[in-house]
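The residues making up each chain are set out below.
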Amino acid sequence: MPANTIKTVGRIFTRDEIRMLNECSNTMGLLAVGSTWAVIALTFAVLAWASTQPAWIAIPTFALGLVVLGGRHLALAILHHDAAHQSLFRSRWLNDFVGDWLCARPVWNDLAKYRAHHFVHHRKTSQPEDPDLSLIEPFPTTRASLMRKLARDLVGLTGLKYLLGRVLMDAGVVRWTVASDVVWLPREGRRWWSYPLEFVKNAWGMMLTNALLLAASWASGHALLYAVWVLAYLTPYPLFLRIRSLAEHACTERSTDMFANTRTTRAGWLARMTVAPIRVNYHLEHHVLPGVPFFRLPLLHRMLRERRVVADPPGYLDVLRIVSSGAPRDASTARP
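Residues numbered from 1 in each chain as written. Predicted model: local features only at pLDDT ≥ 70, side-chain atom pairs only at ≥ 80, totals over all residues. Heavy atoms only, no water.

J.: What should I look at first to understand unusual backbone geometry in this one?
T.: Glycine aside, negative phi is the norm for most residues, and most peptide bonds take the trans geometry. Between Phe-139 and Pro-140 the backbone carries a cis peptide bond, its omega angle lying at 10°. Positionally, Pro-140 belongs in the loop between helix H6 (111-123) and helix H7 (143-155). Of note in this structure, Gln-86 is not a glycine but carries a positive phi near 60°. Of note, Gln-86 is situated in the loop between helix H4 (55-84) and helix H5 (92-104). (Helix = DSSP H or I, 4+ residues; strand = E, 2+ residues; numbered from the N terminus.)

J.: Just checking my understanding: could you explain the packing of aromatic side chains for this structure?
T.: The geometry of an aromatic ring pair is captured by two quantities: the separation of the ring centres and the angle between the planes. Considering all chains together, one arrives at 9 aromatic pairs under this definition. Considering the side-chain rings of Trp-101 and Trp-204, the 5.3 Å spacing of their centres and the 50° angle between planes classify their relative orientation as tilted. Placement of the pair is Trp-101 in helix H5 and Trp-204 in helix H9 (residues 194-219), with a sequence separation of 103 residues. Aromatic rings pair up to connect Trp-37, Phe-44 and Trp-229 into one cluster. In this structure, Arg-105 is placed above the aromatic ring of Trp-101, and the distance from its NZ or CZ to the ring centre is 5.0 Å. (Phe/Tyr/Trp six-rings, centres within 6.5 Å; stacked < 30°, edge-to-face > 60°. Lys NZ or Arg CZ within 6 Å of the ring centre and 35° of its normal.)

J.: Can you walk me through helix H8 (residues 157-170) in this structure?
T.: An α-helical turn contains 3.6 residues, so any two residues separated by three or four positions project in the same direction. With 14 residues, H8 should cover 20 Å at 1.5 Å per step; its first-to-last C-alpha distance of 20 Å lies within 8% of that length. Summarising the contacts, the buried residues of H8 are in contact with H6, H9, helix H10 (225-234) and helix H11 (236-249). (Expected span 1.5 Å × (residues − 1). Contact = heavy atoms within 4.5 Å.)

J.: Sorry, what's going on with H6 here?
T.: Here H6 is 13 residues long and its end C-alpha atoms lie 18 Å apart, about the 18 Å a rise of 1.5 Å per residue gives. Among the residues of H6, those classed as buried are Leu-111, Tyr-114, Arg-115, His-117, His-118, His-121 and His-122. Looking at the buried residues of H6, the elements they touch are H4, H5, H11 and helix H14 (283-288). In this structure Asp-110 caps H6, since a side-chain oxygen of it lies 3.1 Å from the backbone nitrogen of Ala-112. (Buried < 20%, exposed > 50% of the residue type's maximum accessible area, 1.4 Å probe, protein only. Polar contact = N/O pair within 3.5 Å; in protein donor to acceptor, adjacent residues only side chain to side chain.)

What follows is the structure in structure tokens.
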């Protein structure tokens with residue numbers, strides 16, 4: 001954490017408060033991961049039941065199942081994000097093992113690579129070196145442009161592009177990233193067989209965890225349920241991921257002040273089910289104290305509000321209006 005951030009946080013909180021806020025819990029971590037997978041299993045069970053029902057029941061149930069599974073894809077991504085910060089569990093081993101194999105790999109991610117990438121984002125938020133800058137660079141944009149982007153997410157075009165990017169990254173063709181920028185890697189000295197070998201080396205964890213999901217679906221007598229899991233990854237998940245990313249940093253100030261370059265967003269039950277699982281909407285609080293576990297972020301937010309450090313945050317619809325305003329970035333609209 002930069003020295004100026006430490007100094008600022010030190011003026012807001014006492015050391016005992018910081019110690020209390022940073023206290024992690026293995027029990028809460030296991031509940032978060034377990035409940036996420038329980039919702040996934042229950043959704044699969046409901047979809048299996050719906051497949052035997054008339055179309056007027058099966059079709060809306062299938063649509064709702066896609067939304068729920070897309071939200072749980074994002075929940076797994078947030079859980080491995082927390083594990084990258086060593087804040088999901090008190091135990092380092094649980095953070096690394098559960099965070100990687102039960103959270104990151106099933107959604108085609110890699111905890112170690114993500115951790116190295118993401119920590120640069122925290123050190124260089126909104127600066128030219130920020131690896132996530134490409135996610136918010138085009139904003140603000142026009143309402144028509146935003147609607148086109150969201151439509152591409154919803155119909156799966158963004159998901160297919162994302163899937164291709166994952167293949168190219170794991171094959172060593174492009175540099176690994178979770179942002180949208182593409183950096184091609186050197187090809188000198190490589191043969192055609194180098195790429196599939198590199199892919200298997202990097203993607204075997206994803207293939208193993210997803211093979212287990214497919215096997216479980218097959219064993220239940222509903223192998224096509226795995227196709228719904230993949231479809232949710234390609235359609236609502238990119239949409240939820242984009243909205244979450246926009247809410248965190250888009251149209252905020254380009255400065256080193258974390259209270260100006262990061263946003264917390266108000267989240268109701270629908271947002272928590274889709275774009276803001278695992279308290280990820282408390283993003284400003286996360287940047288203030290990155291080691292605070294998800295279940296203490298609301299407390300951290302209340303403490304910041306009580307000390308008049310932050311204002312009442314906008315909702316997700318408010319953020320979508322801001323990022324589609326088509327107006328220049330303005331400090332008056334950038335703050336939460």
